[in-house]
Amino acid sequence: EAGVVQSPRYKIIEKKQPVAFWCNPISGHNTLYWYLQNLGQGPELLIRYENEEAVDDSQLPKDRFSAERLKGVDSTLKIQPAELGDSAVYLCASSPGTSGRIDTQYFGPGTRLTVL
Amino acid sequence: AQSVTQPDIHITVSEGASLELRCNYSYGATPYLFWYVQSPGQGLQLLLKYFSGDTLVQGIKGFEAEFKRSQSSFNLRKPSVHWSDAAEYFCAVGVRGTYKYIFGTGTRLKVLA
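Quick caveat: nothing in here was measured; it's all calculated off a predicted structure.

What counts and how
Residues numbered from 1 in each chain as written. Chains lettered and ligands numbered in written order. Predicted model: local features only at pLDDT ≥ 70, side-chain atom pairs only at ≥ 80, totals over all residues. Heavy atoms only, no water. Helix = DSSP H or I, 4+ residues; strand = E, 2+ residues; numbered from the N terminus. Rg over C-alpha atoms; globule rule 2.2 N^0.38 Å. Salt bridge = Lys/Arg side-chain N within 4 Å of Asp/Glu carboxyl O. Disulfide = S-S within 2.5 Å. Buried < 20%, exposed > 50% of the residue type's maximum accessible area, 1.4 Å probe, protein only. 1 Å grid on protein atoms, 1.4 Å probe; cavity = no way out; pocket = protein on both sides within 12 Å on 5 of 7 lines; lining within 4 Å. Points joined across faces, edges and corners; volume = space filled by probe spheres on them. Nonpolar A, V, L, I, M, F, W, Y, C, P; charged D, E, K, R; others polar. Contact = heavy atoms within 4.5 Å. Buried area = accessible area lost by both parts, 1.4 Å probe. Polar contact = N/O pair within 3.5 Å; in protein donor to acceptor, adjacent residues only side chain to side chain. Pairing = 2+ DSSP bridges. Axes fitted to C-alpha atoms, helices over the stretch in contact; angles between N-to-C directions.

**Q** Help me out: how do you make sense of the overall build of chain B in this one?
**A** Along chain B, the regular secondary structure elements total 0 helices and 12 strands. Shown N-terminal to C-terminal, the secondary structure of chain B runs as helices and strands in the order β-β-β-β-β-β-β-β-β-β-β-β. Radius of gyration (C-alpha) of chain B: 13 Å, near the 13 Å computed for a compact globule of 113 residues. Considering only C-alpha atoms, chain B reaches an extent of 45 × 30 × 20 Å along its principal axes.

Here is the structure:
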């Protein structure tokens, strides 16, 4: 079974440029998560999708960040414009169920973003 | 508020030695508990989880963890460490009734040959 796929794995951009990250969850997983992981820290949730609906985006900085999961499968996270402080690893995870209950989350390899 | 503490930022052990990584949580009820490992440049891989039942949980790669309610701890152990175990280890609490994970700040393990 294929795991969570993310691309690109690495991205270097200059500040004020836009950037997008893509995630394809494990087949059949209804719930998709985007996390931010700063250096030396644990992951912090940015947004959670159940199917195509964003059910929790309270931690997403909406002035510059956006996300979509149009067909309830793969998802894109965008930053526009990027700032120096956005340099981090962006992790995508998926889990099988919905209903808002705890489920085992499976993580992708992440995208390491460097903003110069 | 719920929180997870991993007191050791770095741990160094010799190959073949035993390992214990500490995790303490703050939570008002019995939590769901997880240990993940993150190798350099990789995502998080689930080692083991505790939802209920036997408080000693076996995981992959020879790891185990023990839930101790009285100490609010869920320490990860391995009897004999291999060089390939060098990585960062994250403990997480799942908040019952929600989908949320709260992660600790991680413990970076170095293994000496």
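And the narrative resumes.
**Q** Explain the pattern of salt bridges here, please?
**A** If the charged atoms of two oppositely charged side chains come close together, the side chains can form a pair. As enumerated under the stated definition, the model contains 9 salt bridges over all chains in all. Notably, a salt bridge pairs Lys62(A) with Asp57(A), separated by 3.8 Å at the nearest N-O pair. With its nearest N and O atoms 2.9 Å apart, the salt bridge here joins Glu88(B) to Arg108(B). Here Glu88(B), found in strand 10 (residues 87-94), pairs with Arg108(B), found in strand 12 (residues 107-112); they are 20 residues apart in sequence, far enough to count as distant.

**Q** Even after reading the chapter, I still don't get the state of the cysteines, so can you show me in this structure?
**A** Two cysteines whose sulfur atoms are joined by a covalent bond form what is called a disulfide. In this structure the tally under the stated criterion is 2 disulfides over all chains. Residue pairing for Cys23(A): its cysteine sulfur links by disulfide to Cys92(A), the two sulfurs lying 1.9 Å apart. With the S-S dihedral at roughly -70°, the linkage between Cys23(A) and Cys92(A) falls on the left-handed side. Taken together, the residues Cys23(A) in strand 3 (residues 19-24) and Cys92(A) in strand 9 (residues 88-95) connect sequence positions 69 residues apart. With a sulfur-sulfur separation of 2.0 Å, Cys23(B) is cross-linked through a disulfide to Cys91(B). Negative torsions about the S-S bond denote left-handed disulfides, and the value of about -65° found for Cys23(B) with Cys91(B) makes this one left-handed. With Cys23(B) in the loop between strand 3 (19-21) and strand 4 (24-26) and Cys91(B) in strand 10, the pair connects residues that are 68 residues apart, well separated along the chain. A single burial state applies to Cys23(B) and to Cys91(B), both of which are buried.

**Q** Sorry, what's going on with the layout of surface pockets here?
**A** Where empty space is left can be seen by rolling a probe of water-molecule size over the atoms. If you add up the space inside the largest pocket, you get close to 410 Å³. Lining the largest pocket are 25 residues, with Gln37(A), Leu39(A), Val89(A), Arg112(A) and Gln38(B) positioned closest to its centre. For the lining of the largest pocket, the leading source of residues is strand 11 (residues 111-115) of chain A, giving 4 residues. When the residues that make up the lining of the largest pocket are grouped by side-chain class, the tally is 9 nonpolar, 12 polar and 4 charged. Lining the second largest pocket are 15 residues, with Glu44(A), Leu45(A), Gln59(A), Lys100(B) and Tyr101(B) positioned closest to its centre. Counting residues per element, the ones that place at least two in the lining of the second largest pocket are strand 4 (31-37) and strand 5 (44-50) of chain A together with strand 11 (101-103) of chain B. Among the residues making up the lining of the second largest pocket, the classes are represented as 9 nonpolar, 3 polar and 3 charged.

**Q** Which parts of the structure should I look at to understand the interface of chain B and chain A?
**A** Accessible area lost on assembly of the parts is the figure often given for the size of an interface. Taken together, the contacts link 22 residues of chain B with 22 residues of chain A. Between chain B and chain A, roughly 1700 Å² of surface is buried when both sides are summed, and carbon and sulfur atoms account for 55% of that area. Run the count over chain B and chain A and you get 0 salt bridges. Applying the counting criterion to the chain B and chain A interface returns 5 residue pairs in polar contact (both at pLDDT 80 or more). Of all the secondary structure elements, the ones that give two or more residues to the side of chain B that touches chain A are strand 5 (32-38), strand 6 (44-50), strand 10 and strand 11 of chain B. It is strand 5 of chain B that provides the largest number of residues to the side of chain B that touches chain A, a total of 4 residues.

**Q** Help me understand the sheet that holds strand 1 (residues 5-7) of chain A in this model?
**A** Sheets are built from strands paired through backbone hydrogen bonds, the pairs being either parallel or antiparallel. All names here are of chain A. Read from one edge to the other, the open sheet built from 4 strands follows the order 1-3-8-7, with strand pairing classed as antiparallel. Either end of the sheet is taken by a strand with one partner, and the two such strands are strand 1 and strand 7 (65-68). Sheet twist, expressed as the average angle between the axes of neighbouring strands with direction ignored, equals 15°. As defined by bridge partners, strand 1 adjoins strand 3 across 3 bridges and the pair is classed as antiparallel.

**Q** Would you mind showing me how to read the pairing of strand 10 of chain B here?
**A** It is a general feature of regular strands that their side chains alternate between the two faces of the sheet. All names here are of chain B. Taking burial as the measure, the 8 residues of strand 10 include 8 buried ones, the bulk of the element. When strand 5 meets strand 10, the two strands line up antiparallel, connected through 7 bridges. Residue pairing in the sheet places leucine 33 in a bridge with valine 93 of strand 10. Alignment of strand 10 against strand 12, held across 3 bridges, turns out to be antiparallel. When the sheet's bridge partners are listed, glutamate 88 is paired in strand 12 with arginine 108. Count of turn residues in the strand 10/strand 11 antiparallel hairpin: 6 residues, of which glycine 97 carries a positive phi of about 85°.

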